[in-house]
Amino acid sequence: MSEHLPALQVVLPLVSAALCLVLRRAFVVRVFATAVAWACFAIALALLARVEAGGPISYALGGWAPPLGIEYRVDSLNAYVLVIVTAIAAAVFPFPLRGREVRIPRSRHFLFYASLLLALTGLLGIAITGDLFNVFVFLEISSLAAYTLVSLGRDRRALSAAFSYLVMGSLGAGFILIGIGLAYQMTGTLNMADLAVRLDPVRDTRTVWMAFAFLIVGTGIKLAVFPLHQWLPNAYTYAPSLVAGFLSATATKVAFYFLARLVFTVFGVAFAFESMGLGAVLLPASVAALFVGSIAAAYQTDLKRLLAYSSIAQIGYMTLGLALLEERALTGSLLHLFNHALIKGGLFLAAGCVVFRLRSSALADMRGLARRMPLTAMAIVVGGLGLVGVPGTAGFVSKWYLVGGALEGGHLLVAFLLLASSLVAAIYVWKVVEVMIARDGPEPEVRCEAPASMWVPTWALIGASLYFGLQPQWSIGIASQAARSLLAGAP
Amino acid sequence: MALLELGQYGFVIVLLMIGLYVLIARDNLVKKMMGLGIFQAAIILLYISMAKVRGGTAPILIEGGGDVVYSNPLPHVLMLTAIVVAVATTGLGLAIIVRIFESYGTIEESELRELDRSSDKADRGAR
């Protein structure tokens, strides 16, 4: 049984998605989806424990030995990403789905949860598989589910947002498919570890250069790295808060994982950074993302849209750590994967609480929120401090590593810009806080905290981000181990 | 001659560009989906053309056939999956377009953007 855990990790949510169509009752399906997410979380933790104890796991799907068959390969990086995705799913799935946020009636909620589980399946599949074409298939499963979920937002603008997300996402997936094809053409294999070996003799051909370029740009679109981020703000703003929280905390993280896998495992650092000059492209793009995202966020008048723009800046931190090519900075990136997932997931759920009570996430409607919904307001403040990177929060730990990595690599200017961008982040966070503590809100005596079913998941994520800010040894240990194995180029 | 042998790639690139152009330049959302379809078809052609082995036959094992050259079956199989994905994407895209038409009354992107902008303004003006 336990040797089949890698397959179960993906098959369980896939089969459960189909089972949702049989169960149908909204409440039953919600409990069922939550249970599945928890089971996936348990499997991911078990996989992580096994990888830590016994090294990478290789699982031949259907008994066909790799490189001919599809291989599921779990090393410290995969296991870490699997834990992030399933942990977020476990916290987000119980968050109740309210009619104020989705346009489908309660009798159709089972379809929503089926899509949610399919999105989870796809994301876990990308993270676990060692086969390049398999990545494409899972990418499309998760993306198609994500387009559907975004289009279910209450506001009609969710539809146009979902459509541009679909167009951009399909274009990105198309680029990835071209890249995979070109790499296959030169090597005759789709297995990532095998590709790494067989690409070596043909590295200096134009076909491989094109394959690399197509794969990186395609992944960049999925990752929403600046300037390929146009689809993201609208999609997250108009999606139901639960969906925005889930996708912002997992989809971009998995895309970042795939980028790291391509650069470090498949193509190799020397090829990516020396022959192709990835650093020269990614470093300025990441720094630009920090400022464009944060400054745009400071101008927003809607909480969800503000959080969406802040995501673009936070993605910039992750790609920055990769572009710096320092072990410390890469550790910082991988830490930020986890920390930002907790913080942004929690913040979007808090926005969901706000929408539930106020029927709007506009900042202007949130005046005096601290007295009307103290728990929710507190969650937003703590999460916001995490985005800025105040000591004691999880965001501080990852930024500490990023700045340290930048200084070690002699990138003084980058380190300075990193700190400066945190100040810009402080502006948009303060803007939200200022509105919430304003004293001229309507009926300040009325307390209308969101129900426990909503604030408990929110605080589970925000509380975890606080915990991992104060006790970061566990996450630092895994992240630095994963960073070391990536830089060592071990497939 | 070398140019002719690479002719398939030229064809694929031209198709890719036509698809991309339609996707970007057309205002009508259904036409955008058509552009996406052309783009995806071009990728499928790219894969299928790389599977061709000169003088190769269909990859069905011929018993006692001796020295038979087969085409590479793997890219064909991969493209079966890609076709399914393309169909699903088109289906979902068209479904979203139908709902866009129901709630906006138009499927022209420029008009949609105009309507979105005015509802953004209404959101801000309501405060």
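Model, not experiment: these values are computed from the prediction.

Draft legend 1. Up close: the overall build of chain A. Scanning chain A from terminus to terminus reveals 20 helices and 2 strands. By its C-alpha atoms, chain A is 70 × 55 × 40 Å across when sized along the principal axes. Looking at chain A residue by residue over its 491 residues, the buried ones come to 63%. Intrachain contacts of chain A at a sequence separation of at least 6 include 79% that bridge at least 24 residues.

Draft legend 2. Summary view of the overall build of chain B. Counting secondary structure elements, chain B contains 5 helices and 0 strands. In sequence order, chain B lays out its α and β elements as α-α-α-α-α. Over its C-alpha atoms chain B spans a radius of gyration of 22 Å, topping by over 25% the 14 Å that the globule rule assigns to 127 residues. With the C-alpha coordinates aligned to their principal axes, the bounding extent of chain B is approximately 80 × 35 × 20 Å.

Draft legend 3. Layout of helix α12 (residues 278-298) of chain A. Taking 1.5 Å per residue, 21 residues should reach 30 Å; α12(A) reaches 30 Å between its end C-alpha atoms and fits that length. Buried positions along α12(A) lie against α8 (206-223), α10 (241-267), α11 (269-275), α13 (303-324) and α18 (412-436) of chain A.

Draft legend 4. Geometry of the interface of chain A and chain B. With 24 residues of chain A at the interface, the matching set in chain B holds 30 residues. Breaking the side of chain A that touches chain B down by element, the ones donating at least two residues are α5 (132-151) and α6 (157-187) of chain A. In the side of chain A that touches chain B, the residues fall into 13 nonpolar, 8 polar and 3 charged.

Draft legend 5. Structural context of the nonpolar core. Among the nonpolar cores identified, the biggest contains 226 residues, and V150(A) and A162(A) are the most heavily contacted of them. Ignoring sequence-local partners within four residues, the contact set of A162(A) consists of Y147(A), V150(A), S151(A), A235(A) and I96(B).

Draft legend 6. Highlighting the environment of L363(A). Residues and elements named next belong to chain A. Position of L363 relative to the elements: it lies in the loop between α14 (327-358) and α15 (369-372). Each C-alpha atom of the pair L363 and R98 lies 21 Å from the other, and the pair is 265 residues apart in sequence. Those residues in contact with L363 that sit more than four places away from it in its chain are T301, D302, L303, V432 and V435.

Draft legend 7. Spatial organisation of the confidence of the model for chain A. Residues with a pLDDT of 70 or more make up 98% of chain A, whose mean pLDDT is 90. Summarising per-element confidence for chain A, the mean pLDDT is lowest in α15(A) (84) and highest in α5(A) (94).

Draft legend 8. Structural detail: the pairing of strand β2 (residues 71-74) of chain A. All names here are of chain A. Both faces of β2 are covered, namely the face carrying E71 and R73 and the face carrying Y72 and V74. Here strand β1 (residues 57-60) runs beside β2; their pairing, made up of 4 bridges, is antiparallel. Opposite A60, over in β2, you have E71 as the bridge partner.

Draft legend 9. A look at unusual backbone geometry. Residue and element names in this part refer to chain A. Omega for the bond connecting P66 with P67 falls within 30 degrees of zero, at 5 degrees, which places this linkage in the cis form. Turning to its location among the elements, P67 is positioned in the loop between β1 and β2. Between F226 and P227 the backbone carries a cis peptide bond, its omega angle lying at 0 degrees. Within the secondary structure layout, P227 lies in the loop between α8 and α9 (232-238). You will see that A224, though not glycine, has its phi angle at about 60 degrees, which is positive. Relative to the helices and strands, A224 is located in the loop between α8 and α9. One non-glycine residue, L325, adopts positive backbone phi at about 60 degrees. Mapped onto the elements of the fold, L325 is located in the loop between α13 and α14.

Draft legend 10. Geometry of the environment of E111(B). Residues and elements named next belong to chain B. Structurally, E111 can be placed in helix α5 (residues 109-125). Assessed through the 13 C-beta atoms surrounding it within 10 Å, E111 is described here as partly exposed. Considering only alpha carbons, one finds E111 and N28, 83 residues apart in sequence, at a separation of 9.9 Å.

Draft legend 11. Molecular detail of the packing of helix α2 (residues 26-54) of chain A against helix α4 (residues 109-128) of chain A. All names here are of chain A. Relative to each other, α2 and α4 sit at 15 degrees, their axes nearing to 9 Å. Between α2 and α4, the angle is such that the two are roughly parallel. The way α2 lies across α4 gives a crossing that is left-handed. Of the residues in α4, those touching α2 at A26, V29, R30, A33, V36 and C40 are H109, F110, Y113, L116, L117 and L124. Of the residues contributing to the contact of α2 with α4, the split by class is 10 nonpolar, 1 polar and 1 charged.

Draft legend 12. Region of interest: the confidence of the model for chain B. Taken as a whole, chain B shows an average pLDDT of 87; of its residues, 93% reach a score of 70 or greater. Overall fold confidence for the complex sits at a pTM of 0.94, while the interface term, ipTM, reaches 0.93.

The rules we used
Residues numbered from 1 in each chain as written. Chains lettered and ligands numbered in written order. Predicted model: local features only at pLDDT ≥ 70, side-chain atom pairs only at ≥ 80, totals over all residues. Helix = DSSP H or I, 4+ residues; strand = E, 2+ residues; numbered from the N terminus. Buried ≥ 20, exposed ≤ 12 C-beta atoms within 10 Å, placed from the backbone. Contact = placed C-beta atoms within 7 Å. Rg over C-alpha atoms; globule rule 2.2 N^0.38 Å. Expected span 1.5 Å × (residues − 1). Nonpolar A, V, L, I, M, F, W, Y, C, P; charged D, E, K, R; others polar. Core = buried A, V, L, I, M, F, W, Y, C linked by C-beta atoms within 7 Å. pLDDT = per-residue confidence, 0-100. Pairing = 2+ DSSP bridges. Axes fitted to C-alpha atoms, helices over the stretch in contact; angles between N-to-C directions. Parallel < 35°, antiparallel > 145°, perpendicular 65-115°, else oblique. Left-handed = near helix turned anticlockwise from the far one by under 90°.

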